[in-house]
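Observations on chain architecture
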Amino acid sequence: ASRFNALKSDAAWQQVWDERRTFAARDDSDKPRTYVLEMFPYPSGRIHMGHVRNYTMGDVLARYRRMTGHEVLHPMGWDAFGMPAENAAMEKGVHPGGWTRDNIATMKAQLKRLGFALDWTRELATCEPDYYGHEQALFLELFRHGLVYRKESSVNWDPVDMTVLANEQVIDGRGWRSGALVERRKLSQWFLKITDFADELLSGLDALEHWPDKVKLMQENWIGKSQGLQFGWSLSDGGNVEVFTTRPDTIFGASFVAVAADHPIAAKLAESDPAVADFIALCKQGGTTAAELETQEKLGFDTGITATHPFDPAWQIPVYIANFVLMEYGTGAVFGVPAHDQRDFEFASKYRLPIRRVVSEGDDTDPDFTAGEAYSGPGTICNSHFLDGMDIEDAKRAVIQRAEDGGWGKGSTVFRLRDWGVSRQRYWGTPIPIIHCDACGAVPVPADQLPVVLPEDVSFDVPGNPLDRHPTWKHVPCPTCAGNARRETDTLDTFVDSSWYFIRFASQPSDKAFDRAVAEKWLPVAQYIGGVEHAILHLLYARFWTRALKHIGMLDIAEPFAGLFTQGMVTHETYYRAKVIRTERPSTADPETIVTESSSIQTWFSPTEIERRDGKAFLIGTDDEVKVGRIEKMSKSKKNTVDPTHIVDQYGADAVRWFVLSDSPPERDLEWSESGIEGSWRFVQRVWRLFDGLTETAGAEGGDKALDRKLHQTIAGIAADIEGLAFNKAVAKLYELVNALERAAPSASRNAAIRTLMLLVAPMAPHLAEEAWAIAGNAGLIADAAWPEVDPALLVDDEVTIAIQVNGKLRDTQTVAKGTAREALETIALANANVQRILDGAAPRKVIVVPDRLVNIVA
Ligand code: ANZ
Ligand code: ZN
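In the nomenclature of an unreviewed UniProt entry, the protein chain corresponds to Leucine--tRNA ligase from the organism Sphingomonas immobilis. Database annotation for the protein chain, UniProt heading Subcellular location (unreviewed entry): "Cytoplasm". Heading Sequence similarities (unreviewed entry) of the UniProt record for the protein chain holds this comment: "Belongs to the class-I aminoacyl-tRNA synthetase family."

This is the structure in structure tokens:
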């Protein structure tokens, strides 16, 4: 038998698909439609195994849906703007555009090498003017409808490089290049009004039946709707401070009031007190990321002012300025309840403020609160006068009621979600299409002047935004008054680019962002597949853009992604050597004493440098043993990556596709292993031998009912598994069918089943399937063939295998029609050759029959 020559077949069929544009989706098709989309890649350099796994899953679904008669849209493009291109420009002196386009060319070739059924006619790259120009037009449409505005907001400022830093350029609070402590600075920036849609984005989650619950929960938490109370505390200096709380039930546990560093009260005090001004400056240090705010040490400044408790005029608590209170949220001021809020607990511990329990967890609650952390769980209110004995929710309502009745407070709804700041002080992004004029203000760039194209002649030798220091680009006449004006030099957050690309894939006219009618034919995306790392921001922003476009009447789609699937990661063993380094130094306490310190440094090795022998790992061709470390997500830092193209060249595309589908459920991590890919390669060859053997058994006749049944059960099962994205289960069913076919004697049934097998493996191993399909003399491509019909009659088992026992011991089995009568079963068993030999002429003492299961003869 011949061997399947994957390298030859892969190239041949990929060329055929390309030339015939087999996978180009037709907008005007009458068929039912399926839009399958995987999150488009960032062109970072080369494809990694995570991409291969992601795109293979989508590909199987896309190919399968085509075979079931759907018009399938399965596009691919590039999320091509962003920091890494600028970093490369700074480090290697290359142009971000050149770097990006080179990477796209490399990665596109790599994707093609895997034989994905992609509609390359719709390829797009967000860094090209024919994409971002339309984005600028959409931005201005939102601007016209009041969904874009400008306001002062904090950025990370590197005081040494004198530049704004992206969050990912702030490492441990310091600038990534200068190492200087990052400061917070206010800049005027552009915002999108996502908060207008907070309620819709939340309630819309309910309709998303085909989304993972965990992702919906993450979105829900991010939007963070809470009911609260806003009320004022009167201050000892005659003033008043409004606070916002989601826990009015804890009002009797208050031990301080705290305002944000940029709260007007703080600003006022700073005018006359330099100590306050110093403290405010101190609060401005540190990055702006949520994680940083969370972990920062809690700092406070006691203003000397006190606040009067709303339920007890005699009860005064101190007012602090504190770094953990944000001006952007609620009212920029809070009351602190150390017993039941962790930040307040840390704050109170540091400044020795009372910690008073007002929620008890049960009888054994410690009344003095010696616990090391705040308690935020459920319980009954205590130490709280009229609230005592209530549960938390009742107590919240009771306090809100009293506040509203007394006219000193108001119940309210708030969202944690803030408006989306989209300004980035960077070059490699979509230019914000605004012109600033001293006389006319911020003026939109007129439609006939779009796109605002990025200038190519920029330099990266000094920090900062090259657009800002470009000699000519930013100087333009004002579109309104023709006076001297300046272009906006900020570019858009790259999340904007990925918030509407799925619409542009569906429809890409050259004169506008999309054609509404065409886009509506395709959308929503039936199945979106990607990494869980995008579970919050990307998906929320894409949902927001879709709703915003609906709101302004441009597109009548509420939710962009009907189905969402988040796949697991690809992992690999790690290999390393640990070197222990000893250093000696004089002790700080006693310089006469020398202390030895040891630390260990790991050197990592790539799987290509390793060979395994007797369960150990060695550097290839040597006896140098290395340690086998944990199985971890493939990463450059641990060197445990495997280059897909290298593997494809070795085993062929189908074996690689097969392996990434087969080994684990798609939502779980997949461990890449050499033995696994070899196993897949052997399986491809086994299937090939079945196809290849067809010529020899061409004349075989006769039916094989059991095989027919197995085949039809497999067809139905695989269809259901692919629809349910349970690819590993579909693969397991194919293994079983192949096993059965290998064992079965030649028959017409077997030949028919092998021909059907070509169709069944086609979504997963398309090159192998095309090759076999052509050799078997079929006209046309298997990619265009129909998925096999299921004969429902063959799905039910009408035969059963019964056990034939003598004295409880299995002697034989026999296949009989389901529901065969007791008497008939007894006759069959007694006539069995093995049974007759054992009985040796004697009459059985007793015959026990369990219909459809067994016959036991007691001798
Ligand atoms: C008293 C209290 C007691 C609070 C308690 C919490 C627990 P979520 O639920 O995330 O919306 N807060 C209000 N405005 C703030 C601001 N500008 N900066 C920092 N913290 C602020 O958070 C609402 C809670 O966060 C509010 O409820 C307030 O503290 C705090 F046991 O008030 B709470
Ligand atoms: Zn003007």
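**Section: the overall build of the protein chain**
Regarding its fold elements, the protein chain presents 26 helices and 39 strands. In terms of overall dimensions, the protein chain has a C-alpha envelope of 115 × 75 × 75 Å along the principal axes. Each of the 859 residues in the protein chain was classed as buried or not, and the buried ones make up 51%. At a minimum sequence separation of 6, the contacts of the protein chain that also span at least 24 residues come to 71%. Looking at the protein chain as shown, the accessible area adds up to about 38900 Å², and 50% of this sits on carbon and sulfur atoms. Mean positive and mean negative side-chain charge positions of the protein chain (92 and 120 charges, respectively) differ by 4 Å.

**Notes on the pairing of strand β37 (residues 809–817)**
For strand β36 (residues 799–806) and β37, the ladder comprises eight bridges, and the chain directions are antiparallel. Within the sheet, the bridge partner assigned to I804 lies in β37 and is D812. Counting the residues in the hairpin turn of β36 and β37 gives two residues, including N807, whose phi is positive at 50°.

**Some remarks on the packing of helix α2 (residues 49–67) against helix α19 (residues 653–662)**
Two elements in contact, α2 and α19, have axes separated by 9 Å at closest approach and are oriented at 95°. Between α2 and α19, the crossing angle belongs to the class labelled roughly perpendicular. Facing V52, R53, T56, M57, D59, V60 and R63 of α2, the residues of α19 in contact are V656, R657, V660 and L661. Of the residues in the contact of α2 with α19, the class split is six nonpolar, one polar and four charged.

**Some thoughts on the site of ligand 1**
With respect to spatial proximity, 18 residues lie near ligand 1, and among them T245, L326, Y329, H340 and R416 are the closest. Between ligand 1 and T246, the relevant distance is 3.1 Å, taken from an oxygen atom to a main-chain nitrogen or oxygen of the residue. In the model, an oxygen atom of ligand 1 is placed 2.9 Å from a nitrogen or oxygen of the R416 side chain. Expressed as a share of its isolated accessible area of 640 Å², the protein-covered part of ligand 1 is 89%. For the shell around ligand 1, the elements supplying multiple residues, two or more each, are β11 (240–245) and β15 (333–336).

**A few points about helix α23 (residues 748–761)**
With 14 residues, α23 extends 20 Å from end C-alpha to end C-alpha; this agrees with the ideal 20 Å at 1.5 Å per step. By the criterion of burial, α23 is predominantly enclosed, with eleven of the 14 residues buried. Listing the buried residues of α23 in full gives S749, R750, N751, A753, I754, T756, L757, M758, L759, L760 and V761. At its buried positions, α23 is contacted by α2, α20 (674–693), α21 (705–723), α22 (727–743) and α24 (766–775).

**Regarding the coordination of the zinc ion (ligand 2)**
The protein atoms that coordinate the zinc ion (ligand 2) are C437 (SG), C440 (SG), C478 (SG) and C481 (SG), at distances spanning 2.2 to 2.4 Å. Motif for the zinc ion (ligand 2), donor spacing along one chain: C-x2-C-x37-C-x2-C.

**Regarding the packing of α19 against α20**
Contact pair α19 / α20: the axes reach a minimum separation of 8 Å and the direction vectors enclose 120°. The angle between α19 and α20 falls in the class oblique. Seen along the crossing, α19 lies across α20 with a hand that is right-handed. Only G676, I677, S680, W681, F683 and V684 of α20 make contact with α19, whose side of the interface consists of D654, A655, V656, W658, F659 and S662. Looking at side-chain class alone, the contact of α19 with α20 contains eight nonpolar, three polar and one charged residues.

So, how was this worked out
Residues numbered from 1 in each chain as written. Chains lettered and ligands numbered in written order. Predicted model: local features only at pLDDT ≥ 70, side-chain atom pairs only at ≥ 80, totals over all residues. Heavy atoms only, no water. UniProt positions renumbered as here; feature names shortened; annotations may be inferred. Helix = DSSP H or I, 4+ residues; strand = E, 2+ residues; numbered from the N terminus. Buried < 20%, exposed > 50% of the residue type's maximum accessible area, 1.4 Å probe, protein only. Contact = heavy atoms within 4.5 Å. Areas by Shrake-Rupley, 256 points an atom, 1.4 Å probe, with all protein chains shown as cover. Lys, Arg positive; Asp, Glu negative; His and termini not counted. Charge placed at Lys NZ, Arg CZ, Asp CG, Glu CD. Pairing = 2+ DSSP bridges. Axes fitted to C-alpha atoms, helices over the stretch in contact; angles between N-to-C directions. Parallel < 35°, antiparallel > 145°, perpendicular 65-115°, else oblique. Nonpolar A, V, L, I, M, F, W, Y, C, P; charged D, E, K, R; others polar. Near = heavy atom within 4 Å. Polar contact = N/O pair within 3.5 Å; in protein donor to acceptor, adjacent residues only side chain to side chain. Expected span 1.5 Å × (residues − 1). Donors = N, O, S within 2.8 Å, 3.2 Å for Na, K, Ca; no water. Left-handed = near helix turned anticlockwise from the far one by under 90°.

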